[in-house]
Amino acid sequence: MGFRPLPWGAVILLIAARSVSAEPALHYLYIEANSGTSSGGHVAVRLDETVYHFQNQDGLILLQRDDWPRFRHLYADLDNRDIHIAKIALPESTQIEVKRHLDLFHLKQKALLDRSASLERDVELLESQANEQPYVIPGGG
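Given the structure is predicted, the values throughout are model-derived calculations rather than measurements.

Student: An account of the nonpolar core is needed here, citing residue identities and associated values.
Tutor: A general feature of soluble globular proteins is that nonpolar side chains tend to end up buried together. In this structure, L29, I31, A44, V51, W68, F71 and Y75 together form the largest nonpolar core, which totals seven residues. It is helix α2 (residues 68-78) that provides the largest number of residues to this core, a total of three residues. Each residue touching Y75, except ones within four places of it in the same chain, is listed here: I31, H42, H53, Q55, N80, R81 and I83. Ranked by size, the runner-up nonpolar core spans six residues in total, among them L26, Y52, L63 and L102.

Structure (structure tokens):
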């Protein structure tokens, strides 16, 4: 059993696979339209294993952040929608900056939504006191 060189085709494929996987990239995702609420299609951006996309929730367009396996399962497996992927090569520093910006936007959005919910609870409390009604605290027993 001696050393057997790989065929040139296998060597070229290994080199190509290594260079593609090592290259930082942003993946632009287009999810085909379906019926009902998804009749317009959907787009997202994938960086590493994180997918960023906007969704309409109660009339607000909010940035969502999902892990790739979950996102793919929801759209491709459960919704039976094709996902088309365009790979866009980026310098690693740019990819890090885009990811940082999207993560920061997501955190700011969550803080604003939490603050809004807190203010709504304050208004409910004040209105119940002004109307001399009991204020129900969810989960309080």
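The rest of the description comes next.
Student: Give a description of the side chain of Q109 that names residues and reports values.
Tutor: Take Q109: it is sitting in helix α3 (residues 92-130). Q109 sits in the buried class, given a relative accessible area of 12%. In contact with Q109, not counting residues within four places along its chain, are L62 and L63.

Student: Which residues make up α2, and what values go with them?
Tutor: Every buried residue belonging to α2 is among W68, F71 and Y75, and all of these are buried. Mapping the buried residues of α2 onto a view down its axis gives an arc of 70 degrees, with all of them on the same face. The secondary structure elements touched by the buried residues of α2 are β1 (25-31), β2 (42-47), β3 (50-57), β4 (60-67) and β5 (83-89). N80 sits one or two residues past α2 and shows a positive phi near 55 degrees.

Rules used throughout
Residues numbered from 1 in each chain as written. Predicted model: local features only at pLDDT ≥ 70, side-chain atom pairs only at ≥ 80, totals over all residues. Heavy atoms only, no water. Core = buried A, V, L, I, M, F, W, Y, C linked by side-chain atoms within 4.5 Å. Buried < 20%, exposed > 50% of the residue type's maximum accessible area, 1.4 Å probe, protein only. Helix = DSSP H or I, 4+ residues; strand = E, 2+ residues; numbered from the N terminus. Contact = heavy atoms within 4.5 Å. Arc of directions from axis to C-beta.

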